[in-house]
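Fold and contact review
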Amino acid sequence: MNWDDTVPPADDTEGGRLVAAAADGDDQAVEAALRPKSLAEFVGQERVREQLDLVLKAARQRGATADHVLLSGAPGLGKTTLSMIIAAEMEAPIRITSGPAIQHAGDLAAILSSLQEGEVLFLDEIHRMSRPAEEMLYMAMEDFRVDVIVGKGPGATAIPLELPPFTLVGATTRAGLLPPPLRDRFGFTAHMEFYEPAELERVIHRSAELLDVTIDTDGAAEIAGRSRGTPRIANRLLRRVRDYAQVKADGFVTREIAAVALGVYEVDARGLDRLDRAVLEALLKLFGGGPVGLSTLAVAVGEERETVEEVAEPFLVREGLLARTPRGRVATPAAWAHLGLVPPQSQGSGTTGQQDLFRA
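Residues numbered from 1 in each chain as written. Predicted model: local features only at pLDDT ≥ 70, side-chain atom pairs only at ≥ 80, totals over all residues. Heavy atoms only, no water.

1. Let's talk about the overall build of the protein
Across its full length, the protein holds 15 helices and twelve strands. Long-range pairs, those at least 24 residues apart, make up 69% of the contacts in the protein between residues at least 6 apart in sequence. (Helix = DSSP H or I, 4+ residues; strand = E, 2+ residues; numbered from the N terminus. Contact = heavy atoms within 4.5 Å.)

Written out as structure tokens, the structure reads:
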């Protein structure tokens, strides 16, 4: 396996949050030990696993390289893990790099020209690749050939360079940003869905066994319920609960131990952390549930506008606790219930302003 040293570190926009979906250095080290090595070991994503298994088995039976694969979905759902499994199932080496690391067409040409026959090239955040490199990739994927430009101006010459057959695995968190010509060149595309709590419980039990953590069914269910449907977050919470159980208890993780431990780390029963609750509390207590502008809300919680919009809001919207409207951010009835607050009554209507807005 080749790890490209040019891969940039994970985006630190989320500031080391325990429920951040992006991986930091510690996560990457632990994930290497916890990653499943085959499709049979991979938990969840049943439809994707079934389809991918057919693609890989058919390629092996033909004695050919597998079709190019595009994996899309939120961070932490297993796109990198699946790329490594593809290489393992095809008994091929894997080269790992990322879109932001490829700033020039020459960077991509250098990587492609050094590939071995059948090798898997994993390109993370493929939508962030530069346009010249992207256009070079079209020909490489379709014809296994690139044209290297030598010289400048009128005297420039294009030298065709034949490439050995390879499999490109592209991963993206924003599939809509991929240009159609690039997206159409992938033979197999798959969208990774958020995990159900039962699937996350299986992930937690498997990780607990590998980490030598003793945990019961209720303890795993408690952690799974706070993991935002993301295996990476589930594994991170498991490690923090393990630390608490080791120091404060006898090392055995039960529902009660997991709940107390995650309470210490300010992760509540729905997976909301300090920032999430601060946004909701400001929206409810200071602005009566909204609508309120994003900039005003950000000032109220003492965070940057981008932090509120890109870090806190996506999960709150997905959980049905907050809505984005043309007039501003609005809390839903579920947000009032989650924080145990009583919504203000509309004058003469007997219902909340938010309820009226959602019925409109």
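There is more to say after this.
2. Description of the pattern of salt bridges
By the definition in use, this model includes 19 salt bridges. One salt bridge connects Glu319 with Arg270, and the closest N-O pair in it is separated by 3.2 Å. One end of the pair, Glu319, is in the loop between helix H13 (305-318) and strand E11 (322-325); the other, Arg270, is in the loop between helix H10 (255-264) and helix H11 (274-286), with 49 residues separating them in the sequence. Linking Arg329 and Glu313 is a salt bridge whose minimum nitrogen-to-oxygen distance equals 2.7 Å. On the criterion of sequence distance, the pair formed by Arg329 in strand E12 (residues 328-331) and Glu313 in helix H13 is long-range, its members being 16 residues apart. Comparing Arg329 with Glu313 shows no difference in burial state: the two are buried. (Salt bridge = Lys/Arg side-chain N within 4 Å of Asp/Glu carboxyl O. Buried < 20%, exposed > 50% of the residue type's maximum accessible area, 1.4 Å probe, protein only.)

3. Considerations on helix H7 (residues 197-210)
For H7, which comprises 14 residues, the first-to-last C-alpha distance of 20 Å matches the rise-based estimate of 20 Å (1.5 Å per residue) to within 8%. Among all positions in H7, only Glu199, Leu200, Val203, Ile204, Ser207 and Ala208 are buried. Immediately beyond the C-terminal end of H7, within one or two residues, lies Asp212, with a positive phi of roughly 60°. (Expected span 1.5 Å × (residues − 1).)

4. Some points on the packing of H7 against helix H9 (residues 231-248)
In contact at an axis separation of 10 Å, H7 and H9 are set at 45° when each is read in the N-to-C sense. The orientation of H7 relative to H9 falls into the category oblique. The interaxial crossing formed by H7 with H9 has right-handed handedness. Listed contacts from H9 to Leu200, Val203, Ile204, Ser207 and Ala208 of H7 are Pro231, Ala234, Asn235 and Leu238. Here the contact of H7 with H9 is composed, by residue class, of seven nonpolar, two polar and no charged. (Axes fitted to C-alpha atoms, helices over the stretch in contact; angles between N-to-C directions. Parallel < 35°, antiparallel > 145°, perpendicular 65-115°, else oblique. Left-handed = near helix turned anticlockwise from the far one by under 90°. Nonpolar A, V, L, I, M, F, W, Y, C, P; charged D, E, K, R; others polar.)

5. Some details on the packing of aromatic side chains
Scanning the entire structure with this criterion turns up one aromatic pair. Centre to centre, the rings of Phe144 and Phe166 are 5.5 Å apart; their planes meet at 80°, and the pair counts as edge-to-face. Highlighted residues: Phe144 in the loop between helix H5 (131-143) and strand E5 (145-150) and Phe166 in the loop between strand E6 (157-162) and strand E7 (167-172), separated in sequence by 22 residues. Relative accessible area serves as the criterion here: at 1%, Phe166 is assigned to the buried category. Taking the ring centre of Phe315 as reference, the NZ or CZ of Arg228 above it sits at 3.9 Å. Arg318 extends its terminal NZ or CZ atom over the ring of Phe194, reaching a point 3.6 Å from the ring centre. (Phe/Tyr/Trp six-rings, centres within 6.5 Å; stacked < 30°, edge-to-face > 60°. Lys NZ or Arg CZ within 6 Å of the ring centre and 35° of its normal.)

6. Some words on the confidence of the model for the protein
Across the protein, the average pLDDT comes to 82, with 86% of residues at 70 or higher. Note on residues 1-12: pLDDT under 50 across the span, and 22 contacts to partners over four residues away in sequence or across chains. Segment residues 347-360 is flagged for pLDDT under 50; beyond a separation of four residues in sequence, or across chains, it makes 26 contacts in the model. (pLDDT = per-residue confidence, 0-100.)

7. Quick look at the environment of Tyr195
Topologically, Tyr195 is positioned in the loop between strand E8 (188-191) and H7. Residue classification places Tyr195 among the buried residues on the basis of a relative accessible area of 6%. Sequence spacing of Tyr195 and Gly44 is 151 residues, and the spatial spacing of their C-alpha atoms is 6.8 Å. Apart from the residues lying within four places of it in its own chain, the contact partners of Tyr195 are Phe42, Val43, Gly44, Gln45, Leu77, Leu200, Val203, Gly229 and Pro231. Among the polar contacts listed, one links the side chain of Tyr195 to the backbone oxygen of Leu77, at a separation of 3.5 Å. (Polar contact = N/O pair within 3.5 Å; in protein donor to acceptor, adjacent residues only side chain to side chain.)

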